[in-house]
Amino acid sequence: MTPEQGTSGEASFVFRDGAVALNIDLRVYRLSAVQKAGYRFAEHFTTVLGAPADHGLPVTCVFRPGALETDAREAVRRFFQELLDQELREQIGDETRAIRALIIAQAFSRTDLIRRD
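In every chain, residue numbers begin from 1 and rise along the written sequence. Given that this is a predicted model, residues contribute local features only at a pLDDT of at least 70 and side-chain atom pairs are listed and counted only at 80 or more, while totals for whole chains, interfaces and linings are drawn from all residues. Here the side-chain values reflect all heavy atoms present in the structure, with hydrogen atoms and water set aside.

1. Topic: the pattern of salt bridges
- Salt bridges are counted wherever a side-chain nitrogen of Lys or Arg sits within 4 Å of a carboxyl oxygen of Asp or Glu. Here the structure, examined in full by the defined rule, presents 10 salt bridges.
- Between arginine 77 and glutamate 74 there is a salt bridge; the shortest N-O distance is 2.5 Å. Pair noted here: arginine 77 and glutamate 74 are both in helix H2 (residues 69-108), with a separation of 3 residues, about one helical turn.
- Three labels apply to residues, based on accessible area from a 1.4 Å probe with only protein chains included: buried if under 20% of the type maximum, exposed if over 50%, partly exposed otherwise in between. Relative accessible area serves as the criterion here: at 36%, arginine 77 is assigned to the partly exposed category.
- A salt bridge links arginine 89 to aspartate 85; the shortest N-O distance between them is 2.9 Å. A residue pair is termed a helical-turn pair when its members lie 3 or 4 positions apart in one helix, as arginine 89 and aspartate 85 do in helix H2 at 4 residues.
- Judged by its relative accessible area of 29%, aspartate 85 falls in the partly exposed class. Numbering of helices and strands runs from the N terminus; a helix is a DSSP stretch of H or I covering at least four residues, while a strand is a stretch of E covering at least two.

This is the structure we're talking about:
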């Protein structure tokens, strides 16, 4: 993501024409995490995904007519919190995939896969 500088010097999200444009780095966040976070925020804004290019994913958060800039910026800030949460869930899923498969195999197996003495 490449936020622009706000008037007080801190990074901020620019709200223009009822939308906030972002560029999400796909080396940091997976596409599936972006999609899940966008879905979770559907009640706040519509997430429009562009075509990935050079590790970047253009994302536009389109708000309802009449949305206030402060509300929009806060929603995008929370979207990034959700995006991080979804990315961590993806990583944990990858790291625990083998053990989950073993547990499921054991649960549905008629024989015991674990040797018990």
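2. Quick word on the side chain of glutamine 86
- With respect to the element layout, glutamine 86 can be found in helix H2.
- Owing to a relative accessible area of 8%, glutamine 86 belongs among the buried residues under this scheme.
- A contact between two residues is defined here by any heavy atoms of the two lying within 4.5 Å. If sequence neighbours within four positions are ignored, glutamine 86 has contacts with Ala33, Lys36, Ala37 and Arg40.

3. Quick word on H2
- Across the chain, bend at a residue is computed as the angle between axes fitted to the seven residues ending at that point and the seven starting from it. The axis of H2 is deflected most strongly, by about 55 degrees, at threonine 96.
- Restricting attention to buried positions, one finds in H2 the residues Ala72, Ala75, Val76, Phe79, Phe80, Glu82, Leu83, Gln86, Glu87, Glu90 and Gly93.
- The inward-facing, buried residues of H2 abut strand S3 (15-16), strand S4 (19-25), helix H1 (31-40) and strand S6 (56-62).

4. What about a nonpolar patch on the surface?
- Excluding any residue in a salt bridge, patches collect residues exceeding 30% relative accessible area, merging like charges within 9 Å and nonpolar Val, Leu, Ile, Met, Phe, Trp and Tyr side chains within 5 Å. Calculation of accessible area relied on Shrake-Rupley with a 1.4 Å probe; when residues are assessed, cover is drawn exclusively from the protein chains displayed. Taken together, Ile99, Leu102 and Ile103 make up a surface patch of nonpolar side chains, about 290 Å² in accessible area.
- Along the chain, leucine 102 turns up in helix H2.

5. As for the environment of glutamate 90
- Tracing the sequence through the fold places glutamate 90 in helix H2.
- Along the primary structure glutamate 90 and tyrosine 29 are separated by 61 residues, whereas in three dimensions their C-alpha atoms are 9.5 Å apart.
- Those residues in contact with glutamate 90 that lie beyond four places of it in its chain are Arg30, Ser32, Ala33 and Lys36.
- In the analysis that follows, any N or O atom pair within 3.5 Å is treated as a polar contact, provided that within protein one partner can donate a hydrogen and the other can accept it, and provided that, for residues neighboring in sequence, both atoms belong to side chains. Reaching out from glutamate 90, the side chain makes a polar contact with the side chain of lysine 36 at a distance of 2.6 Å.

6. Re the pairing of S4
- Counting buried positions over the 7 residues of S4 gives 5, a clear majority of the element.
- For two strands to count as paired, DSSP must find a minimum of two bridges between them. By the bridge criterion, 2 bridges tie S3 to S4 in an arrangement that is antiparallel. Bridging across to S4, phenylalanine 15 finds its partner in valine 20.
- Connecting S3 to the antiparallel partner S4 that follows it, the hairpin turn spans 2 residues, and aspartate 17 within it adopts a positive phi of roughly 55 degrees.
- Sheet analysis places S4 next to S6, joined by 7 bridges and oriented antiparallel. Across the sheet, the residue bridging to alanine 19 is valine 62, located in S6.

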